[in-house]
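Coordinates in review
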Amino acid sequence: FQTNCDPALKKVWRLCFFLSFTFTVNKHKPWIETSYHGVITENMDTVLLDPPLVALDKDSPLPFSFEIKICAFKVFGQDAPFEAVVLNRTSGEGVLRASSPVDCESQKEYTFIIQAYDCGAGPDGADWKKSHKAVVHVQVDDVNEFSPVFRESLYKASVTEGKIYDSILQVEAWDQDCSPQYSQICNYEIVTPGTPFAIDRNGNIRNTERLSFDKQQSFRIMVSAFDCGQKRTEDDVMVHIEVKPVCKPGWQGWNKRVDYEPGTGSKQLFPKMHLETCGGPLSGVKAMVELQTNHIGKGCDRETYSEKSLQKLCGAASGSTDLLPAPSPSANWTASLLTDSGRESDLIYRFDGHQGANVPDHVVPQNLTDQFTIATWMKHGPSPGLRAEKETLLCSSDKTEMNRHHYSLYVHNCRLVFLLRRDFTQIDTFRPAEFHWKLDQICDKEWHYYVINVEFPAVTLFVDGVTYEPYLVTDDWPIHASKIDTQLTVGACWQERGGESRRVTTPRYTQYFHGSLSGLTIRPGRIETQKVISCLQACKEGLDINSLESLAKDIKFHFNPAQSVLVVEGEDVDSINTAMTKVSYINSRQFPTPGLRRLRITTTVQCFGEDACLSIPENKAVVMVLPPSEPRITISGSNQLIRFASDLRSPLGVALFKDLRITSTVMKGETRRPGVMEVMHNLDYCDVLVIGEELNPDRESLEIHHSALLGKHLDATNSTSGISIYGVDSMAHYEQALRQLRYRNWRPTSLNDRKFRLTCSELNGRYTSNEFTLEVTLPHHAAPVEHVNHMAVQPPYMRPVHHPLMIHTLNSHMSAPPAATAVIVVCIAALVVIVVIGIYRIHATHQEASRDDESESKDPEADWESSALNITVNPMEDIKGPQGLGEALKGEHEEEEEEEEDVQLVGAMTIAESDVSDEEEEEKGTEGFDWRKQEGKPEWDSSSATY
């Protein structure tokens, strides 16, 4: 309009617009609703109004004038924490909000007045008008900001055992929130798991099962509460419910678990136990305490030394043969058998009815004589089927053709049978051949120690040290002599029905054993004594009674042989209570097997004129044997031995471990400040092994004189790979024996470095020492000179035990001396001859003394069994006639050509009986060896106790 108008018209328009603005009239008041309803959430500031807050103005402005706008809302009310704010002056929209925090818990509702104000008329807005007053009702919505809280910090109640209660007690919680939704408690919950109680929505606690005072005397449970908004209490409340006993007979005041610390001796099991009889008159009480240790070792906690060490420790006669040894190169027939590795340090073989083991002929005793002993540990259960097959533990039968059983030990239908068929050449009459025993122990699936003492024709069985005579003895004719070899088998019986031609198709084993065996030994020529048998199977843990002198006179008690069952009898209850408080557990092992031992107490009460008037429930408890402090065995000493060649060539050689020391320490004290304490205990073996190449019997040996083992529980075996000293003895005795171990090398020029490794063990390898390494060297500042005299035969002092023949080839490097040194060579050779002759005379004197000692022995054939052994690895040389003197001289500026000479040495290591004639001994110049040749090898005779 302004664009198309004449300029004069534009001026008129502008004037009219100014006049309309200047002369606008504010005739009407703003208008709002008469009442409003609002809602505000506590801790928020915005109020939701219904209807919305809007102010209108009915003033009609002049044409082309400005509208009358809404400028403000005002709130009238005492302490009303609200304010109204104009959002849009033109439209009149506004909002109501809180001017300060609103809390429902302080005030739930607010009522106040609100008015609207326009902006007035004129440029300065002085002529403003206000609306009528409107009533505003605001409700404060609650927020679930408070958790329920219990009215008590602890609730207590008591119940009588054996009753079911509808309500034991009621717990109550409250909430500070203002609204019914958040202030009411809608649910209670027992948060302690596994309790025999329940709670309802009102907080009433009841028991869901009958309570027992003996089982549990009190309960502590935690309870939580929830409001209707599912907000949980921050702090749960504890409810303590005590169970009151109903008088009923039984033992009271005893603990279900007793901890036993190794090395503390005897520990009381029931120091506060007493028998509750509810006041009834009694005439007698009989209580039996049973210690159950079937799951520990072989029936209980026994020493876990090797069978050989245990026999020596218990004083058993020597000469026994271990038919189930640990697999090794010299005892490989047990390598294919199944072992039970779950037993600590125990060597247990498990037979599943599919395997057997042939004992080599050189191990089997050839002549059992009329007296011998068979011993073994056995665990066996019932055989399947109505007609069970024979289950053979040990069987000696023909290798081929006739399939005759010479002697055997087997189980048949839970009966133990020992078969012994004598040779027809020894006896030709109808004599006892089969001995039968029917015992519960044979098929109870528990470990038992069986010993069969044979003094033909009498045969006695010992089971766990108790003697049993056979209930049935059957006679048979002796076996006719034949040239058929026999085969000794363990776990089955060897059988060759068809001979050599049918060997492939015919099974070689029959009568397989089902069960577990350990420590199967046979000893010819002697029977075992009751004392030794008791020692070999003795338990090291059991029940005991402290202060026997303080017991009442009417108390009677007795143990079973293993001290695993104790029976206490008496007429007075107080006397029985006193006796039971003195029952204790004892474990004499220094390092016992840790774990649980179960206890069971059965009680019988007699009343006057009645057999049994009260029923006493059976009580069960456990003894927890805590793990012992494991010892740390330490071998210390010099790690290097530097000696001259003359020392190594001397008749005594050099002592390897002269400054050896063996110590053992355990950790003691608190966890934060542990301490180390030295302890003393036994060892059961020490092995000295050669590192690198084995000993060359042509030039070196390990020796230990028999005097080093005298007065000790020690024996030794040796081979070219080293020497083993074994037997249960103190660390001090092992130190003394090892310090006398000597090394010889009569050709030390070929010695670069000879190293030995020493390790010791306790409890059959359960605790082992560090690996102590010793190096033997020659001085570096001087070149050694070696003289070898092939004319002199080094006499073999001793022979090693239980090791096969070992053949070594020695390449002797000798250089031809130059012409300038010929005179020196001749002089040195003469000196060597003189030294060798002197050594030979000393050795001949020693052998004469040995013959004198042997002549005083009453039983030459068995003398080696009872005498201390002189253990030496001193191989013999192969005599091939005079070889001249071989010399090797080394110099800084000498260059020589070497020649190689191969010398084969055959070394045999065994212990047997002497059968050499005096004439042969004189020809040899020493005793105990037969130098006759068999198939190109020297034949060793059976000599006495030297290696």
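Being a predicted model, the structure only gives us computed values, none of them experimental. (Residues numbered from 1 in each chain as written. Predicted model: local features only at pLDDT ≥ 70, side-chain atom pairs only at ≥ 80, totals over all residues. Heavy atoms only, no water.)

Spatial strand order, β3-β2-β9-β8-β5: five strands in an open sheet with mixed pairing. Each end of this open sheet is capped by a strand with a single partner; those strands are β3 (48-50) and β5 (70-76). Sheet twist, expressed as the average angle between the axes of neighbouring strands with direction ignored, equals 30°. Here three bridges tie strand β2 (residues 35-41) to β3, and the two strands are oriented antiparallel to one another. (Pairing = 2+ DSSP bridges. Helix = DSSP H or I, 4+ residues; strand = E, 2+ residues; numbered from the N terminus. Axes fitted to C-alpha atoms, helices over the stretch in contact; angles between N-to-C directions.)

Right, let's talk about the side chain of Ser518 for a bit. Structurally, the position occupied by Ser518 is in strand β40 (residues 514-524). One polar contact links the side chain of Ser518 to the main-chain carbonyl oxygen of Leu347, over a distance of 2.7 Å. The residues touching Ser518, leaving out its near neighbours within four places in the chain, are Lys298, Leu347, Ile348, Thr376, Trp377 and Trp447. (Polar contact = N/O pair within 3.5 Å; in protein donor to acceptor, adjacent residues only side chain to side chain. Contact = heavy atoms within 4.5 Å.)

Right, let's talk about the sheet that holds strand β20 (residues 257-260) for a bit. Strand order across the open sheet formed by six strands is β20-β46-β45-β23-β43-β42, with mixed pairing between neighbours. One side of each edge strand has no neighbouring strand; the edge strands of this open sheet are β20 and β42 (556-559). Between one strand and the next, the sheet's axes are offset by a mean angle of 15°, whatever the strand orientation. The pairing of β20 with strand β46 (residues 619-625) spans four bridges and is parallel. In the strand pairing of β46, Arg257 is matched with Val622. Across the sheet, helix α5 (residues 573-581) touches β23 (284-292), β43 (565-570) and β45 (595-606), and the angle it forms with β43 is around 155°.

So, on to the confidence of the model for the protein. For the protein, per-residue confidence averages 77 on the pLDDT scale, and 76% of positions sit at 70 or higher. Low pLDDT, under 50, characterises residues 62-66; the stretch is placed with 12 contacts to residues that sit more than four places away or in other chains. Across residues 498-505, confidence stays below pLDDT 50; counting only partners more than four residues off in sequence or on other chains, it has six contacts. (pLDDT = per-residue confidence, 0-100.)

Within helix α4 (residues 530-537), burial applies to Val532, Ile533, Leu536 and Gln537. The buried residues of α4 occupy an angular sector of 120° when the element is viewed end-on, so they sit on one face. Considering only its buried residues, α4 is in contact with α3 (307-313), β28 (371-379), β33 (447-455) and β34 (458-463). (Buried < 20%, exposed > 50% of the residue type's maximum accessible area, 1.4 Å probe, protein only. Arc of directions from axis to C-beta.)

On to the nonpolar core, then. By size, the foremost hydrophobic cluster in this structure holds 55 residues, and its most contacted members are Leu656, Phe657, Ile662, Leu738, Tyr743, Phe756 and Leu758. Apart from residues lying up to four places away in sequence, Leu758 is in contact with Ile635, Phe657, Leu660, Cys686, Asp687, Val688, Leu738, Asn770, Glu771 and Phe772. (Core = buried A, V, L, I, M, F, W, Y, C linked by side-chain atoms within 4.5 Å.)

Moving on to the state of the cysteines. A covalent bond between the sulfur atoms of two cysteines is referred to as a disulfide. Under the definition given, this model contains eight disulfides. Shown here is the disulfide that connects Cys300 with Cys539, its sulfur atoms set 1.9 Å apart. Residues Cys300 and Cys539 are joined through a disulfide that is left-handed, its torsion about the S-S bond being -100°. On the criterion of sequence distance, the pair formed by Cys300 in the loop between β23 and α3 and Cys539 in the loop between α4 and β41 (541-545) is long-range, its members being 239 residues apart. On the basis of relative accessibility, which here comes to 2%, the residue Cys300 falls in the buried class. Cys539 gets classed as partly exposed once you look at its relative accessible area, which sits at 24%. One disulfide bridge connects Cys686 with Cys760, the sulfur atoms lying 2.0 Å from each other. The sign of the S-S torsion, about 110°, decides the handedness of the disulfide formed by Cys686 and Cys760: right-handed. Of this pair, Cys686 sits in strand β52 (residues 682-691) while Cys760 sits in strand β57 (residues 754-762), and the two are 74 residues apart along the sequence. (Disulfide = S-S within 2.5 Å.)

Relative to the assigned elements, Arg302 resides in the loop between β23 and α3. It is Asp464 that comes nearest to the buried, bridge-free Arg302 among opposite-charge side chains, at 4.9 Å. Of note is the side chain of Arg302, whose polar atom sits 2.2 Å from the backbone oxygen of Lys298. Non-local contacts of Arg302, meaning those with residues more than four positions away in its chain, are made with Trp377, Gln537, Ala538, Cys539, Lys540 and Arg589. (Lys, Arg positive; Asp, Glu negative; His and termini not counted. Salt bridge = Lys/Arg side-chain N within 4 Å of Asp/Glu carboxyl O.)

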